[in-house]
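# Examination of the molecular architecture
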Amino acid sequence: MKRIELPSLALLLAGALHGGAATATQGTFPHGYGVKSEGMGGVGVALPQDAVAGATNPAGMVAVGDRVDLGLALLKVDNGARFAGIDHSGSEDTSLYVIPQFGYNRMIDGVSSVGVSVVGNGVGTDYGSGDNVGGMASPRSALQQMVITLSYARRVGDAHALGLGVVLARQDLDIEGPASIGLPEGRDHSWGAGLRLGWQGTLAPGLTLGATYASKVNMGRMDKFAGLLPEKGDMDIPANYGLGLAWTRGALTLGADVLRILWSDVRAYGNDGVGSATGAPGSDHGPGFGWKDQTIWRFGAAYALDAAWTLRAGYNHGSRLLDSRDTYLGVLAPAANRRHVTAGATHTFGDGDELSVAYTRSFKETTRGTGNGPDGMTDLYMGQHWLSVSYGLRF
C-alpha cells in the first residue's frame, strides 16, 4: 500500500493554487473536471472516475476509493472580435494557457470518505499592443478562479450515496483597455464560499443515476472595478445544477449529463447592453458581459480494451451563451463557442497507478452583434484546442 504524506499533499495543492491563467469553454467553466471526464465530453454527474469528481458531484467520491490525482491542461485559444469591419485577434500575444487540477480522497471506513478537489475556471483575451477595439486601446483580460471543494460522501444502504461539498474560491481579475473610454482598469482579487450537494443511486445492475446542485459562490467585491462591473465590482460564481446517467455492460460504459448554469443571477455576467443594463457602469443595472443562462449536454463512451488500456470519446454541446445584444465588456470575454468533440485514454500500470490523457476540440463559432460601427455589427468569436494529462495514484 502506498503512503501519501500530508506535507507532499500540501506542496501539490500549493502548486495547483499558483497555476497559470485559465480560459474556459462554457462561460468561465471548462467542459469537464478531471482528465477522464474531459475525454468523455465532460460526463461525470453519475460517473466518478477520479478524486477530482468532487468538483462535479461530491457523492461520487465514496466510489473512487483512496487515491490522489494530479493533472494539467494546456489550452490554445483562437478568439477575438470584428469591430467596424476590422478583425482583432484576442489571442495575439498568448501561446498557451495552463490549467492545473488536483484531487485527494480517503476512505474513513467502508461507507464514507473525505476528499478535496481543486480545479481552475476562467476566461481571458489578449488583443495585443496597438489594437483599438470599440474605443478600448490594447484591451486584455484575465479572470483566474481556483475552486476548492472539500467533500464528505457516505453510502446509504447498498444503492445510494450522498455527498456534501464546502466550496472555497479565490479569483483574480486583470483588465486593461477600459481606461481609454474613461472606465476603471487594473488588477484585483476576492475570496468566496458556497456549497455543493450530490446524490448517486444504482437503479439496476450497471445503471447509475446522479444529481448535483451547487449554490452561488458569494465572492467579495473587487474595489478596483467598482466603477466598471455591476454591483460595485461584485462577481460571484453562478449557481448550477445537473442530472447524469451512466450505464456499464462488460467493457463498455456510456454516460450522459445535462447541466444548467444560471449566469443571469450574477449581474456582472448576465447584464447585457440593452434590456438588463439601464444604469451607469458599476451600478446594480450597469453593463455586464451579456451572458444568458446556459444548458449543456454531455455524452461520452469508454471502452476497456484490456486490464491496461481504456479508450474514451465524447461530445459536449451548450446552448448559446451570447446573443446579438452588444456590451463593451463582451470583447473581453468572447465566449461564442458551444460544440466540443473529445477523445482520451488511460494506461493502468501493474501497481494500479494510472496515466490519463485527453484532447478536446472546441469548434470556432461566431456571435453576430449589433454594434455601432460602420458595418452596424460587432462580431465575437472563439475556438479552442485542449490537451490534458493526469497521473493517478491509488493507496
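Every chain's residues receive numbers from 1 upward, in the order its sequence appears when written. Local features in this predicted model are restricted to residues whose pLDDT is 70 or higher, and side-chain atom pairs enter the listing and the counts only when it is 80 or higher, whereas totals over whole chains, interfaces and linings include all residues. Heavy atoms from the whole structure form the basis of all side-chain values; hydrogens and water molecules are not counted.

This is how the line gets drawn: UniProt positions are given in the numbering used here, feature names are shortened, and annotations may be inferred rather than shown by experiment.
The name an unreviewed UniProt entry assigns to the protein is Aromatic hydrocarbon degradation protein, from the organism Pseudothauera rhizosphaerae. The UniProt entry for the protein carries the following text under Subcellular location (unreviewed entry): "Cell outer membrane".

### Re the overall build of the protein
Note the cut-off: Each helix is a run of H or I in the DSSP string that is no shorter than four residues. Each strand is a run of E no shorter than two, and both are numbered from the N terminus. When accessible area is computed with a 1.4 Å probe and restricted to protein chains, residues below 20% of their type maximum are described as buried, those above 50% as exposed, and intermediate ones as partly exposed. Note on contacts: a residue pair qualifies if any of its non-hydrogen atoms lie within 4.5 Å across the two residues. For every accessible area listed, the method is Shrake-Rupley and the probe measures 1.4 Å; residues are considered covered only by the protein chains on display.
Helices and strands together make up the secondary structure of the protein, namely four helices and 18 strands. Taken over 395 residues, the protein has a buried fraction of 56%. At a minimum sequence separation of 6, the contacts of the protein that also span at least 24 residues come to 67%. With an accessible surface of roughly 15,300 Å², the protein has 60% of that area assigned to carbon and sulfur atoms.

### Considerations on the side chain of Thr56
One can find Thr56 in the loop between α2 (35-39) and β1 (67-83). On the accessibility criterion, Thr56 (10% relative accessible area) is buried. Those residues in contact with Thr56, other than ones at most four positions away along the chain, are Tyr33, Gly44, Val45, Arg196 and Thr212.

### A short note on the nonpolar core
Threshold: Here, the term nonpolar core denotes a set of buried Ala, Val, Leu, Ile, Met, Phe, Trp, Tyr and Cys residues that are joined through side-chain atoms within 4.5 Å.
Leu173, Leu229, Met235, Tyr269, Phe289, Trp291 and Val331 are the most contacted members of the largest nonpolar core, which has 42 residues in total. Residue contributions to this core peak at four residues, all from strand β8 (residues 160-176). Grouped together as the second largest cluster of nonpolar side chains are eight residues, Phe102, Tyr104, Val118 and Ile148 included.

### With respect to a nonpolar patch on the surface
Stated precisely, the cut-off is as follows: Only residues whose relative accessible area exceeds 30% and that form no salt bridge enter a patch; like-charged residues are grouped when within 9 Å of one another, and nonpolar side chains (Val, Leu, Ile, Met, Phe, Trp, Tyr) when within 5 Å. Definition used for salt bridges: Asp or Glu carboxyl oxygen within 4 Å of a side-chain nitrogen of Lys or Arg.
On the surface, Leu72, Leu74, Leu96, Phe349, Leu355, Val357, Tyr359, Leu387, Val389 and Tyr391 cluster together into a nonpolar patch covering about 780 Å² of accessible area. Sorting the residues of the nonpolar patch by element identifies β1, β17 (354-367) and β18 (378-394) as the ones contributing at least two each. Within the fold, Tyr391 resides in strand β18.

### Points about the environment of Gly128
Along the chain, Gly128 falls in the loop between β4 (112-126) and β5 (132-133). The spacing of Gly128 and Arg140 is 12 residues in sequence and 7.6 Å in space, taken between C-alpha atoms.

### Overview of the pattern of salt bridges
Across all of its chains, the model carries 16 salt bridges by this definition. Between Asp78 and Lys364 there is a salt bridge, and its shortest N-O distance comes to 3.4 Å. In this pair, Asp78 sits in strand β1 while Lys364 sits in strand β17, placing the two residues 286 residues apart along the sequence. A relative accessible area of 44% means that Lys364 is categorised as partly exposed. Here Asp174 makes a salt bridge to Arg187, at a shortest N to O gap of 3.5 Å.

### Quick word on unusual backbone geometry
Note: most peptide bonds trans; most residues except glycine with negative phi. Backbone geometry places Ser138, a non-glycine residue, at a positive phi of 45 degrees. Structurally, the position occupied by Ser138 is in the loop between β6 (136-137) and β7 (140-156). You will see that Lys232, though not glycine, has its phi angle at about 60 degrees, which is positive. Along the polypeptide, Lys232 turns up in helix α3 (residues 230-233). A residue is classified by how much of its surface remains accessible, and Lys232, at 55% relative accessible area, is exposed.

### Some points on the environment of Trp263
Among the secondary structure elements, Trp263 is positioned in the loop between β13 (252-261) and α4 (267-270). Given a relative accessible area of 0%, Trp263 falls into the buried group. Spatially, the C-alpha atoms of Trp263 and Phe289 are 9.9 Å apart, while their sequence positions differ by 26 residues.

### Comments concerning the packing of aromatic side chains
Quick note on the threshold: Between 30 and 60 degrees the pair is tilted, below 30 it is stacked and above 60 it is edge-to-face, where a pair is any two Phe, Tyr or Trp rings, Trp via its six-membered ring, whose centres lie within 6.5 Å. Note on criteria: charge over ring means Lys NZ or Arg CZ within 6 Å of the ring centre, with the direction from the centre no more than 35 degrees off the ring normal.
Counted under the stated rule, the structure contains nine aromatic pairs. Centre to centre, the rings of Phe29 and Trp263 are 5.3 Å apart; their planes meet at 55 degrees, and the pair counts as tilted. Separated by 234 residues along the polypeptide, Phe29 in the loop between α1 (6-17) and α2 and Trp263 in the loop between β13 and α4 bring together distant segments of the chain. Since its relative accessible area comes to 7%, Phe29 is described here as buried. Each residue in the set Phe29, Trp263, Tyr269, Phe289 and Trp291 is aromatic and connected to the rest through ring pairs, giving one cluster. Sitting over the face of the ring of Tyr381, Lys364 holds its NZ or CZ atom 4.5 Å from the ring centroid.

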